[in-house]
Amino acid sequence: MTEQAQSVLERPSAAGDWVLSGRLAEESDSRSVTLAPLPFRVGRRSGLSLMLPRKTVSSLHAEFFLQGDKLFLRDLGSTNGTFVNGKPLTHECELCDNDLVQFADAPFRVTRGQPDERSHTRKKDTCDHALAIVQFESLLGGKSLIPNYQPIVDLASGSAIAFEVLARSRLIGLETPDYMFTAATHLGAAVELSEAVRRVAVEDSGLFDTLPHLFMNTHPSELRIDSLLGSCGELRKRAGQQKITIEIHEAAITRGSEMAALRSGLEAMDMTIAFDDFGAGQARIAELIEARPHYLKFDRCIIRELDKADVSRRRLVGGLVSMVRDVGILPVAEGVETKEERDASIDLGFVLAQGYYFGRPMPVAHYAKGVPAPKG
Ligand code: G
Ligand code: MN
């Protein structure tokens, strides 16, 4: 921690002082800072009342100030914005006790100091929940989630037979699934987030020209079969007749009998199952065949530069593909980026493929009636 931040933190606060609580740096513990003296400026550079060493925070980001006895906050032209209770600040804004304030993706809570109530535990909980309340309510409610759809094509005809749903969000710092699920896991909300993605994806897909077959991911923490089947049952109620395939990470395949139970449970609600990322982990072909998914998605690490692969690698991949097809599992080549990789995938017996060569993940507007497809 910087000397500057330290000196602010150590300033004793009195009843009636305003206090800002949160994590100064991403990795640090939650701390409390008395907003004194005012005006109190926040940014990435040193010499301010509070320095936040985070990439997303601007060098001079925002300022707290008093008007009469009221506390106000204004953004100072930051790149990623200042938010109060999840809303971006366009003008100065009066703050109330317990308001949630974000500088870019860094969440804090503002409280009116009552020294006896501000125990360390309360501050920590408050701040851990700040992200949950501001960001995740909006994510879980679906308002900030933007499902993207990437085509899965039939290699013989070149046409899209289905779309994989990939989550994106509008929230700064939570744009990609990796960021979203890291934060969600930290907050114990990964399952809820994963369910919200599937729910919003089904809703949005109603705007496609024709209702698409959707491949939807599950999070590793969702693999308790009864609850996953419960969640898929809810989805089926919303999705009526829609074709749905649930993707399970290959790491789950080692639990062969459970996977068979999951498969039959999904079949009972007219859904199919795909194993994702085959080849990236430890799954063995024997276990995989026992679990018998409908689709097996070969990870990009197997497909990359397949056209340049030596004979033994091609033989190995070709052998796996034919073994899988022999038992009625449809092999999908993932991450096909070039025409050469597509041709090699066809040569080696793949039936379906997905990858930038065929199409990038795009929001529903790209596929919706009457909306011209974005170029490039
Ligand atoms: O684990 P899963 O297969 O669900 O992950 C799919 C991820 O791969 C997504 O983040 C998607 O954007 C990315 N992806 C999709 N097609 C390609 C591709 O052709 N090349 C690369 N490198 N990544 C891809
Ligand atoms: Mn997937």
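So, a few notes on the structure that sits alongside this text. (Residues numbered from 1 in each chain as written. Chains lettered and ligands numbered in written order. Predicted model: local features only at pLDDT ≥ 70, side-chain atom pairs only at ≥ 80, totals over all residues. Heavy atoms only, no water.)

### A closer look at the sheet that holds strand E9 (residues 93-94)
Heads up, the rule is: Following DSSP output, two strands are said to pair if at least two bridges run between them. Only DSSP runs of H or I with at least four residues qualify as helices, and only runs of E with at least two residues qualify as strands; both kinds are numbered from the N terminus onward.
Pairing is mixed across the open sheet formed by five strands, whose spatial order is E4-E3-E5-E6-E9. Each of the sheet's edge strands pairs with one partner strand only, and the pair in question is strand E4 (50-51) and E9. Sheet topology places strand E5 (residues 62-67) next to strand E6 (residues 70-75); six bridges connect them, and they run antiparallel. In the sheet register, Phe64 faces E6, and the bridge partner there is Leu73.

### Here's the deal with the coordination of the manganese ion (ligand 2)
Rule in force here: A 2.8 Å cut-off from the metal defines N, O and S donors, relaxed to 3.2 Å for Na, K and Ca; water is not in the atom list, so some sites may appear incomplete.
Taken together, the protein ligands of the manganese ion (ligand 2) are Glu164 (OE), Asn217 (OD1), Glu247 (OE) and Asp276 (OD), with distances of 2.1 to 2.5 Å. Counting the intervening residues between successive donors of the manganese ion (ligand 2) yields the motif E-x52-N-x29-E-x28-D. Taken as a pair, Asn217 in strand E14 (residues 214-217) and Asp276 in strand E16 (residues 271-278) lie far apart in primary sequence, 59 residues in all.

### Details of the packing of aromatic side chains
Quick note on the threshold: Aromatic rings from Phe, Tyr and Trp, with only the six-membered ring used for Trp, were paired whenever their centres fell within 6.5 Å, and each pair was classed as stacked if the ring planes differed by under 30 degrees, edge-to-face if by over 60, and tilted otherwise. The buried label goes to any residue with under 20% of its type's maximum accessible area, the exposed label to any with over 50%, and the partly exposed label to all in between, with areas taken from a 1.4 Å probe on protein chains only. Whether a charge sits over a ring depends on NZ of Lys or CZ of Arg being within 6 Å of the ring centre and within 35 degrees of the ring normal.
The final tally for this structure, using the stated rule, is 13 aromatic pairs. Ring centres of Phe215 and Tyr295 lie 4.9 Å apart, and the angle between their planes is 65°; this geometry places the pair in the edge-to-face category. Placement of the pair is Phe215 in strand E14 and Tyr295 in strand E17 (residues 295-298), with a sequence separation of 80 residues. Neither Phe215 nor Tyr295 differs from the other in exposure class; each is buried. Every member of this aromatic cluster is reached through a ring pair, and the members are Phe40, Phe64, Phe103 and Phe108. Here Arg74 stacks its cationic end above the ring of Phe65, 3.9 Å away from the centre of that ring. Above the plane of the ring of Tyr356 lies Arg360, whose end atom (NZ or CZ) is 3.8 Å from the centre.

### Some points on the pattern of salt bridges
Worth spelling out the cut-off: Whenever a carboxyl oxygen of Asp or Glu lies within 4 Å of a side-chain nitrogen of Lys or Arg, that contact is scored as a salt bridge.
As enumerated under the stated definition, the model contains 17 salt bridges in all. A salt bridge links Arg41 to Glu63; its shortest N-O distance comes to 3.0 Å. On the criterion of sequence distance, the pair formed by Arg41 in strand E3 (residues 40-43) and Glu63 in strand E5 is long-range, its members being 22 residues apart. In this structure Arg41 comes out as partly exposed when scored by relative accessible area, which is 34%. Here Lys297 ties to Glu334 by a salt bridge, and the two come within 3.6 Å at their closest N and O atoms. Residue Lys297 is located in strand E17, and its partner Glu334 is located in the loop between strand E18 (330-333) and helix H10 (339-347); the two are separated by 37 residues in the primary sequence.

### Some words on the packing of helix H4 (residues 190-204) against helix H5 (residues 225-239)
Heads up, the condition is: Orientation is described by lines fitted to C-alpha atoms, with helices fitted over the stretch in contact, and by angles between N-to-C directions that extend from 0 to 180 degrees. When an angle is under 35 degrees it counts as roughly parallel; over 145 it counts as roughly antiparallel; between 65 and 115 it counts as roughly perpendicular; any other value is oblique. We call a crossing left-handed when the near helix sits turned anticlockwise from the far one by less than a right angle, and right-handed when that turn is clockwise. Throughout, a contact is declared for two residues whenever any of their heavy atoms are within 4.5 Å. Three residue categories are used. Nonpolar comprises Ala, Val, Leu, Ile, Met, Phe, Trp, Tyr, Cys and Pro, charged comprises Asp, Glu, Lys and Arg, and polar comprises the others, including Gly.
Two numbers describe how H4 lies on H5: the axes approach to 10 Å, and their chain directions differ by 15°. Taken together, H4 and H5 sit at an angle that is classed as roughly parallel. In this structure, the crossing between H4 and H5 has a hand that is right-handed. Of the residues in H5, those touching H4 at Glu195, Arg198, Arg199, Val202 and Glu203 are Leu228, Ser231, Leu235, Arg238 and Ala239. Residue composition of the contact of H4 with H5, grouped by class: four nonpolar, one polar and five charged.

### Here we look at the sheet that holds strand E7 (residues 82-84)
Strands in a sheet are paired, the pairing made by backbone hydrogen bonds, and the direction either parallel or antiparallel. Strand order in the open sheet formed by six strands is E2-E1-E11-E10-E7-E8, with antiparallel pairing between adjacent strands. A single partner strand is all that each edge strand has here, and the edge strands are strand E2 (30-34) and strand E8 (87-88). Where E7 and E8 come together, two bridges link them in antiparallel fashion. Within the sheet, the bridge partner assigned to Phe83 lies in E8 and is Pro88.

### Regarding the nonpolar core
Operational definition: Working definition of a nonpolar core: buried Ala, Val, Leu, Ile, Met, Phe, Trp, Tyr and Cys residues. They are joined through side-chain atoms within 4.5 Å.
Formed by 62 residues in total, the largest nonpolar core has its most connected members in Tyr149, Leu193, Ile248, Leu262 and Phe298. Looking at which element gives the most residues to this core, the answer is H4, with seven residues. Apart from the residues lying within four places of it in its own chain, the contact partners of Ile248 are Thr218, Leu223, Leu228, Met259, Leu262, Ile273, Ala274, Phe275 and Asp276.

### A short note on unusual backbone geometry
The residue after Ala36, namely Pro37, is reached through a cis peptide bond having omega -5°. Checked against the element boundaries, Pro37 lands in the loop between E2 and E3. Here the residue pair Leu38 and Pro39 is connected by a cis peptide bond, since its omega of 0° sits within 30 degrees of zero. Assignment of secondary structure puts Pro39 in the loop between E2 and E3.

### Focus on the site of ligand 1
The test is simple: In this text, near means that some heavy atom of the residue lies within 4 Å of the molecule or strand in question. Residues adjacent in sequence count toward polar contacts only when both atoms are side-chain atoms; beyond that, a polar contact is any pair of N or O atoms within 3.5 Å, and within protein one must be able to donate a hydrogen and the other to accept it.
Looking at ligand 1, there are 15 residues lining it, with Gln150, Glu164, Glu334, Glu337 and Tyr356 nearest. Measuring from an oxygen atom of ligand 1, one finds a side-chain N or O atom of Asp277 at 3.1 Å. In the environment of ligand 1, a nitrogen atom lies 2.6 Å from a nitrogen or oxygen atom belonging to the side chain of Glu337. Looking at the shell around ligand 1, the elements that each hand over two or more residues are strand E13 (160-169) and E16.

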